[in-house]
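Secondary and tertiary structure notes
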Amino acid sequence: MIEIDPVKCVGCGACVRICPPKALTIEVNEKETILKYFIGRCIFCWMCVQTCPQKAIKTTNKFELSAVDVHELQMELVHNTVKCRVCGKPFITSKFVKEVGRRLNGGFKDDLLYVCPTCRRKLTAKKIATKVTGVE
Ligand code: SF4
Ligand code: SF4
């Protein structure tokens, strides 16, 4: 099975998108972003290990994975959720926003870090339209 380091993981969801059988899933609600690993679905392909930008997932030699209770095959990692400062929709974890800010080292305006991708696209389109037409 794999193991996810709760300190290194920022809840970016890259492992979820790459996981072929959807053994990894992510749930975003108003307060929390929950990364779930269901061992019962894992095919041990290690694609998540190779994909994680934080190197938070590692392979282990734990292979005796049968359980009486199905809940024992489910692991969860909980992060705080950040809401978009434009539309108010929860969209990413606070740890992820901080990590992006750290990696870009001020290369991205701080206020845009807290704007969801949909609103960011709209704001950028508006800015370009204003520049081209001169109309606010
Ligand atoms: S790819 Fe890595 S950092 Fe991103 S959610 Fe998965 S384990 Fe966490
Ligand atoms: S090892 Fe493969 S199947 Fe298992 S969680 Fe990672 S990507 Fe998904």
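Along each chain, numbering runs from 1 in the same order as the chain's sequence is written. Chain labels run from A onward and ligand labels from 1 onward, assigned in the order the entries are written. With the structure being a predicted model, the display of local features is reserved for residues of pLDDT at least 70 and the display and counting of side-chain atom pairs for 80 or more, all residues being used for whole-chain, interface and lining totals. Water and hydrogen atoms play no part in the side-chain values, which are based on all heavy atoms of the structure.

1. Re the site of ligand 2
For this description, a residue counts as near a given molecule or strand if any of its non-hydrogen atoms is within 4 Å of it. Near ligand 2 the following residues occur: Cys-19, Pro-20, Pro-21, Leu-24, Tyr-37, Cys-42, Ile-43, Phe-44, Cys-45, Trp-46 and Cys-48. Of the residues belonging to the shell around ligand 2, the class tally is 11 nonpolar, no polar and no charged. Polarity classes work like this: nonpolar for Ala, Val, Leu, Ile, Met, Phe, Trp, Tyr, Cys and Pro, charged for Asp, Glu, Lys and Arg, and polar for all others, with Gly in that last group.

2. Here we look at the site of ligand 1
Every one of the 13 residues lining ligand 1 counts as a neighbour, but Cys-9, Cys-12, Gly-13, Cys-15 and Cys-52 are closest to it. Here the residues of the shell around ligand 1 sort into 10 nonpolar, three polar and no charged.

3. As for the sheet that holds strand S5 (residues 74-83)
Strand pairing in a sheet takes place through backbone hydrogen bonds and is either antiparallel or parallel in direction. Pairing between strands is defined by DSSP: at least two bridges between them are needed. Under the scheme used here, helices are H or I runs from DSSP no shorter than 4 residues and strands are E runs no shorter than 2 residues, and both carry numbers assigned from the N terminus. Reading across from one edge, S2-S3-S5-S6 is the order of the four strands in this open sheet, with antiparallel pairing throughout. A single partner strand is all that each edge strand has here, and the edge strands are strand S2 (24-28) and strand S6 (90-93). Along the sheet, successive strands turn relative to each other by an average axial angle of 35°, direction set aside. When strand S3 (residues 32-38) meets S5, the two strands line up antiparallel, connected through seven bridges. Counted as the bridge partner of Ile-34 is Val-78 from S5. In the packing of helix H3 (residues 94-104) onto the sheet, the strands contacted are S5 and S6, and the crossing angle to S6 comes to about 65°. Note on definitions: angles span 0 to 180 degrees between N-to-C directions of axes, and those axes are lines fitted to C-alpha atoms, for helices only across the stretch in contact. Any pair of residues with heavy atoms lying within 4.5 Å of one another is described as a contacting pair.

4. What to know about the layout of surface pockets
Cavities and pockets are defined on a 1 Å grid built over the protein atoms alone: a cavity is a set of grid points where a 1.4 Å probe fits but cannot escape, while a pocket is an open set with protein on both sides within 12 Å along at least five of seven lines, and lining residues are those with an atom within 4 Å of any such point. Grid points are joined across faces, edges and corners, and a volume is the space filled by probe spheres set on the points. In this model, the largest pocket occupies a volume close to 250 Å³. Phe-91, Ile-92, Cys-116, Pro-117 and Arg-120 are the residues nearest the centre of the largest pocket, which is lined by 13 residues in total. When contributions to the lining of the largest pocket are tallied by element, the ones reaching two or more residues are S6, H3 and helix H5 (117-133). Among the residues forming the lining of the largest pocket, the class breakdown is 10 nonpolar, one polar and two charged.

5. As for the nonpolar core
The biggest cluster of nonpolar side chains holds 18 residues, and the ones touching the most others in it are Ile-2, Cys-15, Leu-24, Leu-35, Tyr-37, Cys-48 and Ile-57. Only helix H1 (14-18) and S3 provide two or more residues apiece to this core. Judged by nonpolar contacts, the second largest core, of nine residues, contains Val-82, Cys-84, Ile-92 and Val-115. Take the buried residues of types Ala, Val, Leu, Ile, Met, Phe, Trp, Tyr and Cys, join any two whose side-chain atoms come within 4.5 Å, and each joined set is a nonpolar core. Three exposure classes are used, based on accessible area relative to the maximum for each residue type with a 1.4 Å probe and protein chains only: buried under 20%, partly exposed in between, and exposed over 50%.

6. A few points about the pairing of S5
Looking along a regular strand, one sees the side chains alternate between the two faces of the sheet. Both S5 and S6 contribute to a ladder of three bridges, which runs antiparallel. When the bridges of S6 are listed, Lys-83 appears paired with Pro-90. Counted along the chain from S5 to the antiparallel partner S6, the turn is six residues long, and its residue Gly-88 has a positive phi close to 80°.

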